[in-house]
Amino acid sequence: MLEIYAGETALKTIKEKGFSPEIFSNFLGASGGPKWFVLYGLDKYFFGDFFQHQQQPLNLIGSSAGAFRMACFAQQDPVAAIERLAKNYSETVYSSKANAAEITHKARELLDILFGESGAEEIINNKIFKAHFVVAKCRGLVASENKLLLGLGLLSSLLRNGAKRSLIKSQYERYVFQHQDSELQLHDPDNISTTRLAFSENNIKDALLASGAIPMVMQGIQDIADCGPGMYRDGGIIDYHFDLALDGLTLYPHFSSTLKAGWFDKKLSRNVRAEHYDKTVLVCPSQAFIDALPYGKIPDRKDFVTLDPQQRLQYWQQVFLESEKLAAAFKSFHQTQDIKQIKPISQLVA
């Protein structure tokens, strides 16, 4: 049902100190739209129980849907926030011919619900759970809102990335919007330009919206406050499932055991670098668990097109219920400290 993988250094630490919240410095959240619904039960358990009494700072790092989740976890009531996100995201209904403007408008409405009256202030001032939203600043054709030009730019990105991942740095820069006291260090051998900016009341909502602004689906976010003028889009373009080295141990609940560095790597055989996962604990549903879900898969954005709203909502609500079994399995693992359950992450990234 639940699979747990760990890098060599992570496993050594667990054997020495036990599996506890205190051993982790980072918590990672991938892109993937509604795929994260399968993690809903785990998310509530992690921040309603596992990390509930956290005393030391924990870096919350996410791109796209992962960033939305991190925005929940850095609020004073993280469980209520993730419940709001899950409910309102899953219940979103678009018109039959929804365009980028409509989808972006709905996303802004979702943000308002997610933040509520004080969410932004709570995230900005949270000294324990320090959120980081990854955003891609675009150059050249990929900065255009003209669909033809944008499409040509994305095709160029696909070809560049296929040849060598580092070649996309001519089109994209990584922007990390973060807690003002963040000490997070990102080690990227592809040398994609990275700019780090502190959250403010003026930029936090646009930064989060930009992190989920999928090209050709949503409008890009132009000229975010407190940073240089330009077009900002989905952070998953650069960091889809992440291929970076982080200081300290990372807990990474993921919706599958497949790891792809960037958005353009989805259909490539290229693996993430094994050394970047040496200090990572990956928690994910087993293939058997996924096969037993309705339609034999986890939710994805195609469900908005292939299912009518009632079918989709019924399916997604069932996934929410099933995800509680993953939380129960992790709770049992944590309580029993059954380290034998942990598999080497080299099976996935070698």
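Residues numbered from 1 in each chain as written. Predicted model: local features only at pLDDT ≥ 70, side-chain atom pairs only at ≥ 80, totals over all residues. Heavy atoms only, no water.

S.K.: I keep staring at the pattern of salt bridges and nothing clicks. Help me out?
M.R.: As a working rule, side chains carrying opposite charge can pair if their charged atoms are close by. Here the structure, examined in full by the defined rule, presents 20 salt bridges. The shortest N-O distance in the salt bridge between Arg69 and Asp43 comes to 2.8 Å. Of this pair, Arg69 sits in helix α3 (residues 65-73) while Asp43 sits in helix α2 (residues 40-50), placing them 26 residues apart in sequence. Look at Arg69 and you get buried, because its relative accessible area is 1%. Overlapping salt bridges, with partners in common, bring together Arg165, Arg174, Asp188, Asp190, Asp239, Asp243 and Arg273 in one network. (Salt bridge = Lys/Arg side-chain N within 4 Å of Asp/Glu carboxyl O. Helix = DSSP H or I, 4+ residues; strand = E, 2+ residues; numbered from the N terminus. Buried < 20%, exposed > 50% of the residue type's maximum accessible area, 1.4 Å probe, protein only.)

S.K.: Explanation requested: unusual backbone geometry in the structure shown.
M.R.: If a residue is not glycine, its phi is most likely negative; likewise, a peptide bond is most likely trans. Phi at Met216 is positive, roughly 75°, even though this residue is not glycine. Of note, Met216 is situated in the loop between α8 (204-211) and β8 (221-222). For Met216, a relative accessible area of 35% translates into the label partly exposed. Residues other than glycine seldom take positive phi values, yet Asp226 does so here, at roughly 75°. Inspection of the secondary structure puts Asp226 in the loop between β8 and β9 (231-234).

S.K.: Please explain the pairing of strand β3 (residues 58-63) as it appears in this structure.
M.R.: A regular strand carries its side chains on alternate faces of the sheet. For β3, a buried count of 6 out of 6 residues is recorded, marking the element as mostly surrounded by other parts of the structure. On β3, burial covers both faces: Leu58, Leu60 and Gly62 on one face and Asn59, Ile61 and Ser63 on the other are all buried. Where strand β2 (residues 24-29) meets β3, 4 bridges bridge the pair, whose relative direction is parallel. Across the sheet, Leu28 pairs through a bridge with Ile61, a residue of β3. After leaving β2, the chain enters α2 and then returns to the sheet as β3, a path that is right-handed. (Pairing = 2+ DSSP bridges. Right-handed = clockwise from strand over helix to strand, strands pointing away.)

S.K.: Just checking my understanding: could you explain the packing of helix α4 (residues 78-90) against helix α5 (residues 100-115) for this structure?
M.R.: Helix-helix packing is characterised by the crossing angle of the two axes and by the distance between the axes. For the pair α4 and α5, the least separation of the axes is 9 Å and the interaxial angle reads 155°. It follows that α4 is roughly antiparallel to α5 by the angle criterion. For α4 against α5, the interelement crossing comes out right-handed. Contact residues: Arg84, Leu85, Asn88 and Tyr89 in α4; Leu110, Ile113 and Leu114 in α5. Per-class residue counts for the contact of α4 with α5 are 5 nonpolar, 1 polar and 1 charged. (Axes fitted to C-alpha atoms, helices over the stretch in contact; angles between N-to-C directions. Parallel < 35°, antiparallel > 145°, perpendicular 65-115°, else oblique. Left-handed = near helix turned anticlockwise from the far one by under 90°. Contact = heavy atoms within 4.5 Å. Nonpolar A, V, L, I, M, F, W, Y, C, P; charged D, E, K, R; others polar.)

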